[in-house]
Amino acid sequence: MISERTYNQYCGVARALDLIGERWALLVVRELALGPKRFTDLRQGLPGVATNVLSLRLRQLERNGVVTRRLLPPPAPAQVYELTDLGRQLVPIMLSLGRWAASTMGERSPEQAIRGEWLALALKAFFDAEAAAGLSATIALDLDGAPFTLCLEEGRLDVAPGRDGPADLTISTDTELLLQFLAGAPVTVRAEGDRELLNRLPELFPLGRSA
């Protein structure tokens, strides 16, 4: 049985912390922001979490209506976890929180993990819709072997895992190098296709800008 922990305050902020304030809980939401995952995928995306702690957090998030689970149909039946409607409403709030804290991070230390999916999600947080006004393009992104598709359409951005059709620009690089490029560092990333679009990326995703 999961014990009920609460601040016991009639306040929206306190209630939010009741729902997702436990250690690892919001990072589970981060891992599910781009789509459903199996338990093993969640473990891989949360380095340092113990199996029993992850199981407990998932049960708590299910109980609180943030996460649900379902079985994928054949030919590859598997149980996956995904965000509910309530959980998906949390994603833009989480992205704003990440953008707010990004300016305090400083340089990455060797012991700090970094993953392509985290950067792909950060692109949603830092996307400048005004800078992308009038732009329609598809970008295929390969970060340390993890593929993503970015679709820009009239000031909107969709980020999805995997490849989805032809792309105007294809980038294949390591995560930290792309992070440096978007932050304005004088580095070169391996890319094919629309070079003008490539040169605009730091403007479209200004990771070097203060929150």
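Residues take numbers from 1 onward in each chain, read along the sequence in its written order. Note on the predicted model: pLDDT of at least 70 is required for a residue's local features to be given, and 80 or more for side-chain atom pairs to be given and counted; whole-chain, interface and lining totals, by contrast, use all residues. The basis for the side-chain values is all heavy atoms of the structure; hydrogens and waters are excluded.

## Quick word on the pattern of salt bridges
Under the convention used in this document: We count a salt bridge whenever a side-chain nitrogen from Lys or Arg sits within 4 Å of a carboxyl oxygen from Asp or Glu. Helix and strand labels come from DSSP, where a helix needs a run of H or I of at least four residues and a strand needs a run of E of at least two; each type is numbered from the N terminus. Throughout this description, buried means an accessible area under 20% of the type-specific maximum (1.4 Å probe, protein chains only), exposed means over 50%, and partly exposed covers the range between.
In total, this model carries 12 salt bridges according to the counting rule given. Arg-5 serves as the salt-bridge partner of Glu-22, at 3.2 Å between the closest nitrogen and oxygen. Of this pair, Glu-22 sits in the loop between α1 (12-20) and α2 (25-32) while Arg-5 sits in the segment before α1, and the two are 17 residues apart along the sequence. Judged by relative accessible area, which is 21%, Glu-22 ranks as partly exposed. Given the relative accessible area of 58%, Arg-5 is considered exposed. Arg-69 serves as the salt-bridge partner of Glu-62, at 3.0 Å between the closest nitrogen and oxygen. By relative accessible area, which is 42% here, Arg-69 ends up partly exposed. Overlapping salt bridges, with partners in common, bring together Arg-30, Glu-31, Lys-37 and Glu-117 in one network.

## Some remarks on the sheet that holds strand β6 (residues 169-173)
Which entries qualify depends on this criterion: In this scheme, strands are said to pair when DSSP sees at least two bridges between them. For helices, the axis comes from a line fit to the C-alpha atoms of the stretch in contact; other axes are also lines fit to C-alpha atoms, and the angle between any two N-to-C directions lies between 0 and 180 degrees. Contacts between residues were defined by any pair of non-hydrogen atoms, one from each residue, lying within 4.5 Å.
Taken in spatial order, the 5 strands line up as β5-β4-β3-β6-β7 in an open sheet, and their pairing is mixed. The sheet is open, and its two edges are formed by β5 (156-161) and β7 (191-193), each paired on a single side. For this sheet, the mean inter-axis angle between neighbouring strands, taken without regard to orientation, is 15°. Across 3 bridges, the pairing between β6 and β7 is antiparallel. Residue pairing in the sheet places Ile-171 in a bridge with Ala-191 of β7. Lying over the sheet, helix α8 (residues 195-204) contacts β3 (136-143), β4 (146-153), β6 and β7, oriented at roughly 65° with respect to β6.

## Topic: the layout of surface pockets
What counts is decided by this rule: Buriedness for pockets is judged along seven lines, at least five of which must meet protein on both sides within 12 Å for an open set on the 1 Å grid over protein atoms alone, while cavities are sets there where a 1.4 Å probe fits but cannot get out, and lining residues have an atom within 4 Å of a point. Grid points are joined across faces, edges and corners, and a volume is the space filled by probe spheres set on the points. Three categories are distinguished: nonpolar for Ala, Val, Leu, Ile, Met, Phe, Trp, Tyr, Cys and Pro, charged for Asp, Glu, Lys and Arg, and polar for the others, with Gly belonging to the last.
By volume, the largest pocket is sized at about 1400 Å³. The wall of the largest pocket is formed by 38 residues, among which Gly-98, Ala-102, Met-105, Ala-122 and Leu-179 lie closest to the centre. When contributions to the lining of the largest pocket are tallied by element, the ones reaching two or more residues are α2, α5 (85-102), α6 (116-126) and α7 (175-182). Per-element accounting of the lining of the largest pocket gives the leading share, 8 residues, to α5. Across the lining of the largest pocket, the residue classes tally to 22 nonpolar, 8 polar and 8 charged.

## A short note on empty space enclosed by the protein
According to the stated counting rule, one finds 1 cavity of 30 Å³ or more in the structure shown. Size it by volume and the largest cavity reaches roughly 50 Å³. Leu-123, Ile-139, Leu-141, Leu-150, Ile-171, Leu-178, Leu-182, Leu-201 and Phe-205 are the residues that line the largest cavity. Listing elements by their share of the lining of the largest cavity, those giving two or more residues are β3 and α7. Its residues assigned to classes, the lining of the largest cavity comprises 9 nonpolar, no polar and no charged.

## Some remarks on the nonpolar core
As a rule of thumb, soluble globular proteins bury nonpolar side chains together. As a reminder, the rule being used: Take the buried Ala, Val, Leu, Ile, Met, Phe, Trp, Tyr and Cys residues and link them wherever side-chain atoms come within 4.5 Å; each set so joined is a nonpolar core.
Leu-150, Ile-171, Leu-201, Leu-204 and Phe-205 are the most contacted members of the largest nonpolar core, which totals 53 residues. Here this core takes 6 residues from α6, the largest share from any one element.

Honestly, that's just the spatial picture; any functional story needs more than this.
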